[in-house]
Amino acid sequence: MNKKLKFAIVGTGLRGCGCFGNLLKNRNDCVIQAMCDKNPKRVRFTAAKYGNPAVYTNLSEMLEKEKLDAVIVTTPDAFHEECAVTVLNHGVNVLIDKPLATTVQGCRNIIAASEKSGKVAMIGFNLRHSPVLLKLKEIIDEGVIGRIILAENREFYDGGRTYMARWNGMKSSSGGLWIHKGSHDFDIFNWLLGFPKPRKVTAFAGMSVFRPDGFPFPLEKGVKPGPACSVCHYARNGVCKDAFRYSDPEWGPEAQSCDGYVKDSCMYLSDLSVHDNGMAMVEYENGVRVSHLECFVTSRSDRLYTIVGTLGEAVLSLSEWKITVFKRWTGEKITYEIPQTQGTHGGADPGLLESFIEAVRGDSVNTSTVEQGLLSTAIGQAAELSRAEERVVFMNELL
Ligand SMILES: NC(=O)c1ccc[n+]([C@@H]2O[C@H](COP(=O)([O-])OP(=O)(O)OC[C@H]3O[C@@H](n4cnc5c(N)ncnc54)[C@H](O)[C@@H]3O)[C@@H](O)[C@H]2O)c1
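Remember, it's a predicted structure, so these values are computed and weren't measured experimentally.

Definitions and cut-offs
Residues numbered from 1 in each chain as written. Predicted model: local features only at pLDDT ≥ 70, side-chain atom pairs only at ≥ 80, totals over all residues. Heavy atoms only, no water. Helix = DSSP H or I, 4+ residues; strand = E, 2+ residues; numbered from the N terminus. Rg over C-alpha atoms; globule rule 2.2 N^0.38 Å. Buried < 20%, exposed > 50% of the residue type's maximum accessible area, 1.4 Å probe, protein only. Contact = heavy atoms within 4.5 Å. Areas by Shrake-Rupley, 256 points an atom, 1.4 Å probe, with all protein chains shown as cover. Lys, Arg positive; Asp, Glu negative; His and termini not counted. Charge placed at Lys NZ, Arg CZ, Asp CG, Glu CD. Expected span 1.5 Å × (residues − 1). Pairing = 2+ DSSP bridges. Axes fitted to C-alpha atoms, helices over the stretch in contact; angles between N-to-C directions. Near = heavy atom within 4 Å. Polar contact = N/O pair within 3.5 Å; in protein donor to acceptor, adjacent residues only side chain to side chain. 1 Å grid on protein atoms, 1.4 Å probe; cavity = no way out; pocket = protein on both sides within 12 Å on 5 of 7 lines; lining within 4 Å. Points joined across faces, edges and corners; volume = space filled by probe spheres on them. Nonpolar A, V, L, I, M, F, W, Y, C, P; charged D, E, K, R; others polar. Parallel < 35°, antiparallel > 145°, perpendicular 65-115°, else oblique. Left-handed = near helix turned anticlockwise from the far one by under 90°.

### Re the overall build of the protein
Okay, step 1: Counting its secondary structure elements, the protein contains 14 helices and 15 strands.
Okay, step 2: The globule rule puts the C-alpha radius of gyration for 399 residues at 21 Å, and the 22 Å found for the protein is close to it.
Okay, step 3: With respect to the principal axes defined by its C-alpha atoms, the protein has extents near 65 × 65 × 45 Å.
Okay, step 4: Counting across all 399 residues of the protein, residues that qualify as buried make up 56%.
Okay, step 5: The long-range fraction of contacts in the protein, counting pairs at least 24 apart against all pairs at least 6 apart in sequence, stands at 71%.
Okay, step 6: Approximately 17,300 Å² of the protein is accessible, and the part contributed by carbon and sulfur atoms is 52%.
Okay, step 7: Taking the average place of the 46 positive charges on the side chains of the protein and the average place of its 46 negative ones, the gap between the two points comes to 2 Å.

### Some details on helix 14 (residues 370-389)
Residues spaced three or four apart along an α-helix point in a common direction, a consequence of the helix completing one turn every 3.6 residues.
Okay, step 1: Under the 1.5 Å per step criterion, the end-to-end length of helix 14 is 28 Å for 20 residues, consistent within 8% with the ideal 28 Å.
Okay, step 2: Counting buried positions along helix 14 gives 14 out of 20 residues, so the element sits mostly inside the fold.
Okay, step 3: Backbone geometry just after helix 14 places E390 at a positive phi near 50°.

### Comments concerning the sheet that holds strand 2 (residues 30-36)
Okay, step 1: If you walk across this open sheet you meet the six strands as 3-2-1-4-5-6, and the pairing is parallel. Looking at which strands have only one partner, the edges of the open sheet turn out to be strand 3 (54-56) and strand 6 (121-124). Here the average twist between neighbouring strands, direction ignored, is 25°.

### So, the site of the ligand
Okay, step 1: The ligand sits among 27 residues. The nearest are D37, R42, D77, Y261 and K263.
Okay, step 2: Between an oxygen atom of the ligand and a main-chain N or O atom of R15, the distance comes to 2.7 Å.
Okay, step 3: One of the side-chain N or O atoms of H80 is found 2.7 Å from an oxygen atom in the ligand.
Okay, step 4: Summarising the interface, the protein chains cover 92% of the accessible area of the ligand, which totals 850 Å² for the free molecule.

### Focus on empty space enclosed by the protein
Okay, step 1: Evaluation of the coordinates by the stated rule reveals one cavity of 30 Å³ or more.
Okay, step 2: Considered as a void within the structure, the largest cavity measures approximately 140 Å³ in volume.
Okay, step 3: Looking at the largest cavity, it is lined by 21 residues, and the ones nearest its centre are C229, C240, A243, C266 and M267.
Okay, step 4: A per-class count over the lining of the largest cavity returns 15 nonpolar, two polar and four charged.

### Describing helix 5 (residues 104-117)
Okay, step 1: Relative to the 20 Å expected for 14 residues at 1.5 Å per residue, helix 5 spans 20 Å between its end C-alpha atoms, a close match to the ideal helical length.
Okay, step 2: Among the residues making up helix 5, those that are buried are V104, G106, C107, I110, I111, A113 and S114.
Okay, step 3: Its buried side turned inward, helix 5 meets helix 4 (80-89), strand 5 (93-97), strand 6 and helix 14.
Okay, step 4: Just beyond helix 5, the residue with positive phi is G118, at close to 70°.

### Describing the layout of surface pockets
Okay, step 1: Empty space within the second largest pocket amounts to approximately 170 Å³.
Okay, step 2: Looking at the second largest pocket, it is lined by 13 residues, and the ones nearest its centre are M281, V282, E283, R289 and V290.
Okay, step 3: Contributions of two or more residues to the lining of the second largest pocket are made by strand 7 (148-156), strand 8 (198-206), strand 9 (277-284) and strand 10 (289-295).
Okay, step 4: Residue composition of the lining of the second largest pocket, grouped by class: seven nonpolar, two polar and four charged.

### Details of the sheet that holds strand 10
Okay, step 1: In space, the nine strands of this open sheet follow the order 14-13-12-11-7-10-9-8-15, with mixed pairing throughout. Because the sheet does not close on itself, it has two edges, and the strands there are strand 14 (333-337) and strand 15 (393-394).
Okay, step 2: Strand direction decides the pairing type here: strand 8 and strand 9, joined by eight bridges, are antiparallel. Along strand 9, the bridge assignment pairs A205 with G278.
Okay, step 3: Along the sheet, helix 14 makes contact with strand 8, strand 9 and strand 15, crossing strand 8 at roughly 50°.

### Observations concerning the pairing of strand 14
Okay, step 1: In the sheet, strand 13 (residues 322-327) pairs with strand 14 via five bridges, with the strands oriented antiparallel. Across the sheet, V325 pairs through a bridge with I334, a residue of strand 14.
Okay, step 2: The antiparallel hairpin formed by strand 13 and strand 14 contains five residues in its connecting segment, where W329 sits at a positive phi of about 70°.

### Remarks on the packing of helix 10 (residues 182-192) against helix 14
Okay, step 1: The interhelical angle for the contact between helix 10 and helix 14, taken along N-to-C directions, is 120°, at an axis separation of 8 Å. Viewed along their axes, helix 10 and helix 14 adopt a mutual orientation that is oblique. Crossing hand, helix 10 versus helix 14: right-handed. On helix 14, the residues that touch S183, F186, D187 and N190 of helix 10 are Q372, L375, S376, I379 and G380.
Okay, step 2: Looking at the contact of helix 10 with helix 14 residue by residue, the class counts come to three nonpolar, five polar and one charged.

Any link to function would need more than the numbers given here.
Now the structure itself:
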């Protein structure tokens with residue numbers, strides 16, 4: 001058996017530990033050697049749940065003291081660049097969760113560090129490991145629906161609670177939701193289409209609901225809502241259906257006192273600079289046009305796709321585990337049932353980690369490269385620019 005790979009996680013929050021920490025804990029070919037978070041209390045509380053690995057608040061110190069095979073970066077997006085470059089400069093393999101960075105320049109800096117180090121630098125595009133999307137790619141690659149000319153996806157994410165109540169809602173931390181969230185979807189289009197060059201992007205987006213005049217219940221005279229669900233009168237009384245509380249100590253008052261990070265801020269009152277719904281369109285140099293709708297005011301979480309080719313259309317919803325192909329001219333309808341797999345994000349996360357481990361061991365090549373990460377951030381950045389300046393953005397402005 002191969003020697004166990006020594007991992008560290010930087011940014012020990014929901015994604016770092018709730019996903020990767022749990023996956024690593026359950027593997028017998030890897031060990032969580034260390035954890036790093038800028039919040040000293042959070043990292044200690046969290047480490048206690050993962051066998052008490054060494055804990056650090058300084059990434060360079062961790063990299064100097066521990067002999068690591070790989071680091072997973074799951075800090076808020078705005079710190080991906082700094083953390084990834086530091087890890088690569090120490091000659092360690094790195095898996096960076098999406099988006100690669102919040103700007104094209106940040107992505108370029110990571111690419112430069114990865115070229116210099118020669119280490120594996122993988123971007124965490126977990127959706128590419130969704131069994132449903134893998135099947136869709138196979139259908140497209142086999143030519144079942146011919147040459148793709150048009151594609152659309154709609155993402156409905158019941159994400160108000162997570163996105164609007166914390167750092168994701170601030171452009172300074174997430175780059176804006178076309179980058180933070182849309183980068184997933186833009187990457188799926190790029191990947192399905194074989195990475196054609198995007199030519200131009202346009203987007204409309206806005207904040208329609210999560211704002212001070214958006215409370216979905218009447219406010220009582222003299223009783224202010226917020227500032228966080230944990231102390232809000234309307235949350236306590238069950239009037240606010242959006243209220244959410246975190247019971248784990250890593251999000252409680254002790255950890256909060258270190259950095260002031262409150263995870264359950266009132267999402268109607270927070271100082272948000274992102275959109276809660278919008279639509280973006282991309283046209284590629286090969287003439288393919290795609291559109292992506294994202295909405296965070298929904299009753300469910302799902303992604304729906306329509307891919308139109310010269311020989312037919314493929315239609316799917318990720319939650320239904322099936323793809324329907326409608327053939328042109330014959331009217332034939334083919335249904336592909338996809339066996340359900342275990343794991344977060346519809347079984348995609350275990351596949352992502354597996355592919356990183358294989359690349360680190362040299363058993364397979366890195367198929368989610370930092371160059372591809374740059375491409376999806378660039379489209380997201382163009383969409384943010386288009387929204388802000390109300391114009392079509394040509395990609396040669398950014399690439
Ligand atoms: N691929 C996916 O499906 C998916 C899903 C959720 C989140 N994510 C990504 O995972 C990352 C983390 O998101 P989350 O929801 O876990 O956030 P989170 O707020 O739960 O956790 C972030 C952690 O990073 C720590 N941190 C902040 N700045 C740091 C720094 N400079 N150095 C070290 N630690 C730092 C915070 O203290 C916190 O513990 C984000 O990049 C997000 O985009 C990806």
